[in-house]
Amino acid sequence: MAEVGERINELRQELRKHEYHYYVLDDPLISDAEYDQLMRKLQQLENEYPELITPDSPTQRVGGQAAEKFDPVVHRKPLLSLDNAFSLAELQEFNRRVSRAATAVSYMAELKIDGVSIVLVYQDGILVNAATRGDGLVGEDVTNNIRTIRSIPLRLQDNLPRLEVRGEIYMPKSEFLRLNQEKEEKGEKIFANPRNAAAGSIRQLDPGITASRALAAFIYDIIYIEGKEIHDQQEALNFLKQQGFPVNPEACYCTDIEAVYAYSQGYQEKRHDLPYEIDGVVIKLNSMAEREILGQTAKSPRWAIAYKFPAEEKETRLLAVEINVGRTGIIAPTAILEPVSLAGTTVSRASLHNFDLLREKDIRVGDTVLVHKAGDIIPEIIKPIVEKRQGREEEIEPPGNCPACGSQVIRFEGEVAYRCENINCPARLKESLIFFASRPAMNIDGLGPAVIDQLVEKNLVEKVDDLYYLNEADIAGLDRMGAKSASNLIQAIADSKTRPLYRLVTALGIRHIGSKTARILTSHIHDIDKFSQINEEQLMSIPEIGPRMAESVVKFFREPRNQETIARLKAAGVNTVVAESSGGLKPLAGKTFVLTGTLESLTRNEASEKIEALGGKVSGSVSKKTDYVVAGAEPGSKYNKALQLEVTILNEDEFLNMLE
Ligand code: IVH
């Protein structure tokens, strides 16, 4: 036991070191796979010896249930904000005020990170609380969310009796773009800027959602410390770094206000090259003793000031609105602008995101508009300058039909996006095919994005169903496609005709209908032709089918273009029915299964039902008599037992294949 404890400690230290190198220093020492392996080892040992789990273990970042609300946290002392300066003259004025009270003035100039202010409390070196700033006096307890941010240490280098620090949680520009793109693809509202995105992510009641977003942090202030004396800001930043905190590397010691100004000017240019957004520079008197002398006003310290950068916004004219269909079928407006130079580039197009936003902001063609770059990258219209209207500006309406294929445009309840639901729409075709051929769908081996690209470019496939009318000669001429691979591909396409119906329903890429829902649907509806006759009410009477899914199914099958596709798939010999149970054949008869971990496409109950329907037995514990252990995500100790007893372990895909 003591040995296990030691091994666990070693693994944790090792993992902490790698987290620090990866997330704080941005300089990994090992590959992701090696890191995952270490993490799995630790996880396995902790599964076996749950009594040895401690809250500061690297395995414990995401845990616990979603909260109902955030508890209030009263700050030790009010969290101040900063006065602003907008010019050299205002900076000099600040310097004069400081110099009147303090002697031997020197400053630390730091970047003003555009994020969310946070307080972290460490007791005996362990993170015990994290709170938002709130109104400065009382914040919200967001500990479980902050724990998911990998660059925030759960344990400090030293076991200081108590340390309270302040910093900024931010969302890197790249993550902001990724998240908004994901939201746009889901038809959801997007975040206006990385700061809102960071704030929204921290205020999630479910820490799992926070964990799914790559938030980051910089810590810049010691609010309270026991067991160590800190004399100036430079020492504070070094100490924070040494304790394992992410500290912004751009901070600079300046001996006079001119150096501070030069630093600020420099970053006004360089800000666009940084991977995170800044909205200015914070100038702090270096010496703690001199800070005491200067004191504070009700709201802000007299020893610090924020030099705010001017907002990067420009006026230009909205010449036209182009309507595009994205690769997933979302129909979105794009602004065509009179070219204008903005934040380092010339901007002539801007994303308008969705038609709701256009209406909310009342943007019209011909308007003079104010533009900026969201996340420092994506040009956007902030608002029209209504005073400059001439009266000839035109309102913009969403189209009734898809500009790429003419299908009726659809909008789902609760979504902002308008969509084209024609699986064969030329704008969507490549994406439709990639999904159609993918493993959870028709699982056509060898039909990946590179081949699909060529099939579409060469007009060999203009509709998804054309796949089943291809012959070897058609595809033998494609790049990197020899005679053998051509015949293999044709065979793989032919083999896919006999897939069970739920796979075909999945492959159609119907909104909100993944493979799990497709299985539920086809366990009640045994023939694809019935799908076009069924209404929303009937669909909703099927357990687990909600109104959004029902609406989506009905809209998909009502589109004549989709009906045509299904008819052609059927004509090509693709299976469109659920085969009736072949005289009570029980292929799993006599086999015992044990389930562990979470499966993606089935609940445990569903998995058990399927096994039993095919004649198998499900047991709660692993023994030598167990035939198969089905391991989902984060398997428990049954997994280790299976390894020990050398029982065959199946992953989810292998298990699903067995059920077919
Ligand atoms: S110092 C008393 N340093 O800017 C010390 N603040 O307007 C106050 N901020 O609420 C904060 N980067 O959220 C400080 N390097 C930095 C900062 C920073 C961003 C934020 C902070 C504060 C706001 C002040």
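Quick note: structure is the one above.
Being a predicted model, the structure only gives us computed values, none of them experimental. (Residues numbered from 1 in each chain as written. Predicted model: local features only at pLDDT ≥ 70, side-chain atom pairs only at ≥ 80, totals over all residues. Heavy atoms only, no water.)

Colleague: Report on the pattern of salt bridges, specifying residues and quantitative values.
Modeller: Evaluated as defined, the whole model comprises 42 salt bridges. For the salt bridge of Asp-56 with Arg-16, the shortest nitrogen-to-oxygen distance reads 3.2 Å. Here Asp-56 is found in the loop between helix H2 (32–48) and strand E1 (72–74), whereas its partner Arg-16 is found in helix H1 (residues 2–24), with 40 residues between them in sequence. Classification of Arg-16 by relative accessible area gives partly exposed; the value is 23%. Residues Asp-653 and Arg-439 are paired through a salt bridge, measuring 2.8 Å at the closest nitrogen-oxygen approach. Here Asp-653, found in helix H24 (residues 652–659), pairs with Arg-439, found in the loop between helix H12 (429–437) and helix H13 (449–457); they are 214 residues apart in sequence, far enough to count as distant. On the accessibility criterion, Asp-653 (36% relative accessible area) is partly exposed. Here the salt bridges do not stand alone but share partners, grouping Asp-362, Arg-364, Asp-367, Arg-389 and Glu-395 into one network. (Salt bridge = Lys/Arg side-chain N within 4 Å of Asp/Glu carboxyl O. Helix = DSSP H or I, 4+ residues; strand = E, 2+ residues; numbered from the N terminus. Buried < 20%, exposed > 50% of the residue type's maximum accessible area, 1.4 Å probe, protein only.)

Colleague: Give me the nonpolar core: which residues, what numbers.
Modeller: Grouped together as the largest cluster of nonpolar side chains are 53 residues, with contacts concentrated most on Phe-436, Ile-444, Leu-467, Tyr-468 and Leu-539. For this core, the secondary structure elements donating two or more residues are H12, H13, helix H15 (483–495), helix H16 (501–507), helix H17 (515–524), helix H18 (528–531), helix H20 (547–558) and helix H21 (560–571). Setting aside anything within four residues of it in sequence, one finds Ile-444 in contact with Phe-436, Ala-437, Leu-467, Tyr-468, Leu-489, Ala-492, Ile-493 and Ser-496. Counting residues in hydrophobic clusters, the runner-up holds 38 residues, among them Leu-127, Met-171, Ile-222 and Ile-230. (Core = buried A, V, L, I, M, F, W, Y, C linked by side-chain atoms within 4.5 Å. Contact = heavy atoms within 4.5 Å.)

Colleague: Pulling in residues and values, what's your account of a nonpolar patch on the surface?
Modeller: A cluster of nonpolar side chains, Val-74, Leu-137 and Val-138, forms an exposed patch at the surface whose accessible area comes to about 270 Å². Mapping Leu-137 onto the fold places it in the loop between strand E5 (126–132) and strand E6 (138–140). For Leu-137, a relative accessible area of 48% gives the class partly exposed. (Patch = residues over 30% accessible without salt bridge, like charges linked within 9 Å, V, L, I, M, F, W, Y side chains within 5 Å. Areas by Shrake-Rupley, 256 points an atom, 1.4 Å probe, with all protein chains shown as cover.)

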